[in-house]
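Residues per chain, in single letters:
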Amino acid sequence: MLTFVKVNRGLFEPLLLPLAYIFTLCRGKTMLLRTEIGLDAAGIDMLIRQGAQDPQLAERIQALREAGLITLGVVATDDEGKVLGYQAFSPIQLNGEDLNWVVISAAVIDPQYRSTSLAKDLLFEGLDSLNEFSYRAVVGYQALAWLQEQGFTSAPGLTLETLGEQEIVVYPLEEQGAAQHQAVLTLPNVELTELTNH
């Protein structure tokens, strides 16, 4: 028998999803994979600063959030609400146009859970949600080998405006020919404040 749970997805209608898509068992802990909410910001910041030890990424995510440029954030929390994983997606432009594509702007896992399937679970929870909301493709430009193992394909015709010859991979959602595009991609531009210690 399949059990369903009601999940509120921000501004959208609540969804009934199979329990198996919501909870995952990871190292003996039950985790909830869900869309981030405002109350998660401090936990996400702590995960990035302490778990990933990347204060510059923490500042960038905070700036993207404040500018309204986090299209979707997915968190993994334990039963006490501690954020153990985070995956964020932001809008990206193709040749200066918004074509409903997004870029992976953060992928962070608590060091204790890096050898588990948590990163993959977060990624696919995000991809499923983006597909439901009619996004066309997802771009990645870091951890390329791992993303290709998850089904992303090389996109030699795409270049990042600020990174030049950086290799890019694409996961098609509604746009199946996404990897064949010839375009210059523009990442969201946010002003970073001076790094602070939290």
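Residues numbered from 1 in each chain as written. Predicted model: local features only at pLDDT ≥ 70, side-chain atom pairs only at ≥ 80, totals over all residues. Heavy atoms only, no water.

Caption draft 1: View of the layout of surface pockets. Taken as a whole, the largest pocket spans an internal volume of roughly 700 Å³. As for the largest pocket, its lining consists of 32 residues, and the residues nearest its centre are Ile104, Ser105, Ala106, Ala107 and Gln142. Of all the secondary structure elements, the ones that give two or more residues to the lining of the largest pocket are helix H3 (55-66), strand E6 (83-94), strand E7 (97-109), helix H4 (118-132) and helix H5 (144-149). Per-class residue counts for the lining of the largest pocket are 20 nonpolar, eight polar and four charged. (1 Å grid on protein atoms, 1.4 Å probe; cavity = no way out; pocket = protein on both sides within 12 Å on 5 of 7 lines; lining within 4 Å. Points joined across faces, edges and corners; volume = space filled by probe spheres on them. Helix = DSSP H or I, 4+ residues; strand = E, 2+ residues; numbered from the N terminus. Nonpolar A, V, L, I, M, F, W, Y, C, P; charged D, E, K, R; others polar.)

Caption draft 2: Broad picture of the packing of aromatic side chains. Enumeration over the complete set of coordinates arrives at two aromatic pairs. Judged by centre distance (6.3 Å) and plane angle (80°), the ring pair of Phe124 and Tyr171 falls under edge-to-face. Here Phe124, found in helix H4, pairs with Tyr171, found in strand E11 (residues 169-172); they are 47 residues apart in sequence, far enough to count as distant. Look at Phe152 and Tyr171: their rings are 5.2 Å apart centre to centre, the planes differ by 50°, and that puts the pair in the tilted class. Of this pair, Phe152 sits in the loop between H5 and strand E9 (153-154) while Tyr171 is found in strand E11, placing the two residues 19 residues apart along the sequence. Three or more aromatic residues joined by ring pairs form one cluster here, namely Phe124, Phe152 and Tyr171. (Phe/Tyr/Trp six-rings, centres within 6.5 Å; stacked < 30°, edge-to-face > 60°.)

Caption draft 3: Broad picture of the nonpolar core. Membership of the largest hydrophobic core comes to 22 residues, with the highest contact counts inside it found for Phe89, Leu118, Val138 and Phe152. Those elements that provide at least two residues to this core are strand E4 (29-35), strand E5 (72-77), E6, E7, H4 and H5. With five residues, the top contributor of residues to this core is H4. Sequence-distant contacts of Phe152, that is, excluding residues within four places in its chain, are made with Ile104, Leu123, Leu127, Val138, Gly140, Leu147, Val169, Val170 and Tyr171. (Core = buried A, V, L, I, M, F, W, Y, C linked by side-chain atoms within 4.5 Å. Buried < 20%, exposed > 50% of the residue type's maximum accessible area, 1.4 Å probe, protein only. Contact = heavy atoms within 4.5 Å.)

Caption draft 4: Fine view of the pattern of salt bridges. Across all of its chains, the model carries five salt bridges by this definition. One network of salt bridges, with partners in common, ties together Asp45, Arg49 and Glu59. (Salt bridge = Lys/Arg side-chain N within 4 Å of Asp/Glu carboxyl O.)

Caption draft 5: Focus on helix H2 (residues 41-51). Within H2 the residues assigned to the buried category are Ile44, Asp45, Leu47, Ile48, Arg49 and Gly51. Contact partners of the buried residues in H2: H3, E5, E6 and E7. Of the residues flanking the end of H2, it is Gln53, one or two places downstream, whose phi is positive at about 50°.

Caption draft 6: The arrangement of the environment of His181 in detail. Within the secondary structure layout, His181 lies in the loop between E11 and strand E12 (183-186). Taking the C-alpha atoms as reference, His181 lies 7.5 Å from Ala155; in sequence the two are 26 residues apart. In this structure His181 touches Leu94, Trp101, Gly157, Leu158 and Glu175, once residues within four positions along its chain are discounted.

Caption draft 7: Up close: the pairing of E12. Side chains Ala183 and Leu185 of E12 all project onto a buried face; the interleaved residues Val184 and Thr186 project onto a face where none is buried. Pairing of E6 with E12 involves two bridges; the strand directions are antiparallel. Considered in E12, the bridge of Leu94 is made with Leu185. Of the pairings in the sheet, the one linking strand E10 (residues 158-160) to E12 comprises three bridges and is parallel in character. In the sheet register, Leu160 faces E12, and the bridge partner there is Leu185. (Pairing = 2+ DSSP bridges.)

Purely geometric stuff here, so don't read any function into it on its own.
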